[in-house]
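So the chains spell out like this:
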Amino acid sequence: MTNNLDLAQELQKTQDELKEVRQEYEQYAYIVSHDFSAPFRHIEGFAQILLSKEQEHLDEKSLSYLKTIIQAGQKGQSLLEALLAYSRLNTTAQPFQKVDLNRTFQEIQKELSDLIDQKQATLSHDPLPTLVGDPHQLKLMFFHLIKNALLYCDHPPMITIQVQESDQNIEFYIQDNGVGISEQLAPDMYKRLTRGVTDADIPGTGMGLALVHKIIHRHHGDICCMPAEGGTLFTLKIPKRDA
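What you see is a predicted model; the values in this text were computed from it and never measured.

Student: What is the right way to read the overall build of the protein chain from this model?
Tutor: A tally of helices and strands in the protein chain yields 6 helices and 7 strands. Reading the helices (α) and strands (β) of the protein chain from amino to carboxyl end gives α-α-β-α-α-β-β-α-β-β-α-β-β. When each of the 243 residues of the protein chain is scored for burial, the buried share is 37%. If you take every contact in the protein chain between residues at least 6 apart in sequence, the share linking residues at least 24 apart comes to 70%.

Student: I tried to follow the packing of helix α5 (residues 135-151) against helix α6 (residues 208-218) on my own but got confused; where do I start?
Tutor: A packed helix pair is summarised by two numbers, namely the angle formed by the two axes and the spacing between the axes. It is at 9 Å that the axes of α5 and α6 come closest, and there the two elements cross at 145°. Relative to α6, α5 is oriented so that their crossing is left-handed. Here Q137, L138, L140, M141, H144, L145 and N148 of α5 lie close against α6, whose contacting residues are G208, L209, L211, V212, I215, I216 and R218. Classifying every residue of the contact of α5 with α6 gives 9 nonpolar, 4 polar and 1 charged.

Student: Just to check I follow, could you spell out the sheet that holds strand β4 (residues 158-165) for this structure?
Tutor: Within a sheet, each strand pairs with its neighbour through backbone hydrogen bonds, oriented either parallel or antiparallel. Ordered by their spatial adjacency, 5 strands build an open sheet running β2-β4-β5-β7-β6, and the pairing between neighbours is mixed. If you trace the sheet from one side to the other, it starts and ends with β2 (122-125) and β6 (222-228), each paired once. Within this sheet the neighbouring strands show an average axis-to-axis angle of 15°, counted without direction. One ladder, built from 7 bridges, connects strand β5 (residues 169-175) with strand β7 (residues 231-239); its direction is antiparallel. The partner of I170 across the bridge, within β7, is I238. Helix-sheet contacts for α5 involve β2, β4, β5 and β7, and the interaxial angle to β7 is about 170°. Of the strands in this sheet, β6 and β7 touch α6, which is tilted by about 140° from β6.

Student: How do you make sense of the pattern of salt bridges when you look at a structure like this?
Tutor: Pairs can form between side chains of opposite charge whenever their charged atoms are close. This model, assessed by the stated rule, comprises 6 salt bridges. Between K240 and E165 there is a salt bridge, with the nearest N and O atoms lying 3.1 Å from each other. Residue K240 is found in the segment after β7, and its partner E165 is found in strand β4; the two are separated by 75 residues along the sequence. The class for K240 is partly exposed, based on a relative accessible area of 37%. One network of salt bridges, in which partners are shared, links R103, E107, E111 and K139.

Student: What am I meant to see in the packing of aromatic side chains here?
Tutor: Between two aromatic rings, the relevant description is the distance of the centres plus the angle of the planes. All told, the structure shown has 2 aromatic pairs when counted by the stated rule. A ring pair is formed by F105 and F142, whose centres lie 5.1 Å apart and whose planes are at 50°; its orientation type is tilted. Here F142 lies in helix α5 and F105 lies in helix α3 (residues 101-111), a separation of 37 residues in the sequence. F142 sits in the buried class, given a relative accessible area of 0%. Both rings, one in F142 and one in F172, keep their centres 5.3 Å apart while their planes meet at 70°; by these two values the pair is edge-to-face. Here F142, found in helix α5, pairs with F172, found in strand β5; they are 30 residues apart in sequence, far enough to count as distant.

Student: Help me understand the side chain of N177, please; the structure alone is not making it clear to me.
Tutor: Relative to the assigned elements, N177 resides in the loop between β5 and α6. A polar side-chain atom of N177 sits 3.3 Å from the main-chain carbonyl oxygen of P156.

Student: For this particular structure, what's the right way to read a negative patch on the surface?
Tutor: On the surface, E10, D16, E17, E20 and E24 cluster together into a negatively charged patch. Structurally, E17 can be placed in helix α1 (residues 2-54). According to the relative accessible area criterion, E17 is partly exposed, its value standing at 41%.

Student: Can you help me understand the nonpolar core in this one?
Tutor: Burial of nonpolar side chains together is a common tendency in soluble globular proteins. Within the largest apolar cluster, 41 residues are counted, with the highest numbers of intra-cluster contacts made by M141, F142, F234 and L236. Ranked by size, the runner-up nonpolar core spans 5 residues in total, among them L51, L63, L66 and I70.

Student: Could you clarify how one ought to interpret unusual backbone geometry in this entry?
Tutor: Backbone phi values are negative for most residues with the exception of glycine, while trans is the configuration of most peptide bonds. In this structure, Q120 takes a positive phi of about 55° despite not being glycine. Mapped onto the fold, Q120 is located in the loop between α4 (113-119) and β2. A positive phi angle is found at H220, which is not glycine, with a value near 60°. Here H220 shows up in the loop between α6 and β6. Since its relative accessible area comes to 58%, H220 is described here as exposed.

Procedures and definitions
- Residues numbered from 1 in each chain as written.
- Predicted model: local features only at pLDDT ≥ 70, side-chain atom pairs only at ≥ 80, totals over all residues.
- Heavy atoms only, no water.
- Helix = DSSP H or I, 4+ residues; strand = E, 2+ residues; numbered from the N terminus.
- Buried < 20%, exposed > 50% of the residue type's maximum accessible area, 1.4 Å probe, protein only.
- Contact = heavy atoms within 4.5 Å.
- Axes fitted to C-alpha atoms, helices over the stretch in contact; angles between N-to-C directions.
- Left-handed = near helix turned anticlockwise from the far one by under 90°.
- Nonpolar A, V, L, I, M, F, W, Y, C, P; charged D, E, K, R; others polar.
- Pairing = 2+ DSSP bridges.
- Salt bridge = Lys/Arg side-chain N within 4 Å of Asp/Glu carboxyl O.
- Phe/Tyr/Trp six-rings, centres within 6.5 Å; stacked < 30°, edge-to-face > 60°.
- Polar contact = N/O pair within 3.5 Å; in protein donor to acceptor, adjacent residues only side chain to side chain.
- Patch = residues over 30% accessible without salt bridge, like charges linked within 9 Å, V, L, I, M, F, W, Y side chains within 5 Å.
- Areas by Shrake-Rupley, 256 points an atom, 1.4 Å probe, with all protein chains shown as cover.
- Lys, Arg positive; Asp, Glu negative; His and termini not counted.
- Charge placed at Lys NZ, Arg CZ, Asp CG, Glu CD.
- Core = buried A, V, L, I, M, F, W, Y, C linked by side-chain atoms within 4.5 Å.

Following this line, the structure appears as structure tokens:
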């Protein structure tokens, strides 16, 4: 009996220490991401000023160097903003509540309307359910999945979302006709700063699917992706719960 009590106390102590380490890490990531963004903004800002004032007096090689500095500053800012958003998933989490996904998708399509028009994309989906979860994070999750499907396609994107419900779960099947994901790369796509293409092909941070993965697990769900005919199929399974 004493051994069991000691084991339970040791387990609780370990869990408390792990929670404290996670909190310290999240605070550290927030501070680093927030404080480091200012130097990148200054680098890009002053380079932009220099370019605008001295462009006519610089040779082609110097202009190229200056534009590279600006692009590097923008890339650094984008990475830090993505890391900051990732670190905030726990610190800014909202209580679970009923979320009308039809309304959520209307908001997402409105926010992505310029990109949808630019890419001449077609989006279609089944009638969407009301899901209990964090409204901001659920929107962010579907936003990144749809945005990726739009970006990672070199012809007019076609994105379809199908829904299946059981007594316990709601499953979403999001399929696109984009560049696809190789079977070898698929298991690593949810890691932070992991990308399947280079910035020269499609600019990005490699954080979108990491955000999606963290959000789906906060909702005690699962996600998998696999190559599909002419693109990629994402399958999301989220358990039903009471509000």
